[in-house]
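Summary of the model geometry
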Amino acid sequence: MKTPIRLIALLVCTLVAGCGHLEMTPESDPNRVVTGTVNLRMPTDLPADASVLVRVVEGARGEATLRVLGEQAITRAGEPPVAYRVEFRADDALLRRGVNIEARVSFGGQLRYYNFNAIGLNAGNIDRPLVLVVDPVKR
């Protein structure tokens, strides 16, 4: 009689152990906000017509499938560091696949600075201010 009870207990333990990989945390709010500052790697004064564009994008620069999720254009940016706030929509699955933030500084009708390296956003860094450092465009 003890054998069927042990067999049932073993079967229950096996079934319950198979559920250990399921994600049980609730999905977070897909409406996101990222804030921080844009700094120039080589400090200099910006002219009065300087503008800063900060974008949150899905994919990497140069990909054909680059999709802009949100952006903030700042005209008459003033002196660096320039504060930004970008609202965008990305569910947890999209954050895991890859979302990047990029910054560009333009004046005199030309792109002058941008961040060369991709800066990835994820659940671990999206809630704190991010410093985006931009480098001069090589001509």
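Since the structure is predicted, the reported quantities are computational estimates derived from the model, not experimental observations. (Residues numbered from 1 in each chain as written. Predicted model: local features only at pLDDT ≥ 70, side-chain atom pairs only at ≥ 80, totals over all residues. Heavy atoms only, no water.)

Before going further, it helps to spend a moment on the overall build of the protein. Looking only at helices and strands, the protein features two helices and eight strands. Helices and strands in the protein line up, N terminus first, as α-β-β-β-β-α-β-β-β-β. Burial statistics for the protein: of 139 residues in total, 31% are counted as buried. Taking contacts inside the protein between residues at least 6 apart in sequence as the whole, the part at least 24 apart equals 65%. On the protein, roughly 9,200 Å² of surface is accessible, and the fraction owed to carbon and sulfur atoms is 58%. (Helix = DSSP H or I, 4+ residues; strand = E, 2+ residues; numbered from the N terminus. Buried < 20%, exposed > 50% of the residue type's maximum accessible area, 1.4 Å probe, protein only. Contact = heavy atoms within 4.5 Å. Areas by Shrake-Rupley, 256 points an atom, 1.4 Å probe, with all protein chains shown as cover.)

With that settled, the discussion passes to unusual backbone geometry. Here Pro-80 and Pro-81 are connected by a cis peptide whose omega angle stands at 0°. Inspection of the secondary structure assignment puts Pro-81 in the loop between β3 (67-75) and β4 (82-89).

Moving on to the side chain of Asp-92. Within the element layout of this structure, Asp-92 appears in helix α2 (residues 92-97). In this structure Asp-92 comes out as buried when scored by relative accessible area, which is 14%. Those residues in contact with Asp-92 that lie beyond four places of it in its chain are Pro-26, Glu-27, Ser-28 and Arg-32.

This part covers the pairing of strand β6 (residues 110-114). Pairing between strand β5 (residues 99-107) and β6: four bridges, direction antiparallel. Residue pairing for β6: Val-105 is matched across the bridge by Tyr-113. Counting the residues between successive antiparallel strands, the hairpin from β5 to β6 contains two residues, one of them, Gly-108, with a positive phi of roughly 60°. (Pairing = 2+ DSSP bridges.)

Our focus in this paragraph is the nonpolar core. Formed by 29 residues in total, the largest nonpolar core has its most connected members in Val-34, Val-38, Val-54, Val-56, Tyr-84, Phe-88 and Val-105. Taken together, the elements giving at least two residues each to this core come down to β1 (31-40), β2 (51-58), β3, β4, α2, β5 and β8 (130-136). Here this core takes five residues from β5, the largest share from any one element. If we skip the residues at most four places from it in the chain, Val-105 touches Val-38, Leu-40, Leu-46, Ser-51, Val-52, Gln-110, Leu-111, Arg-112, Tyr-113 and Val-134. (Core = buried A, V, L, I, M, F, W, Y, C linked by side-chain atoms within 4.5 Å.)

So yeah, pure geometry; function would need other evidence.
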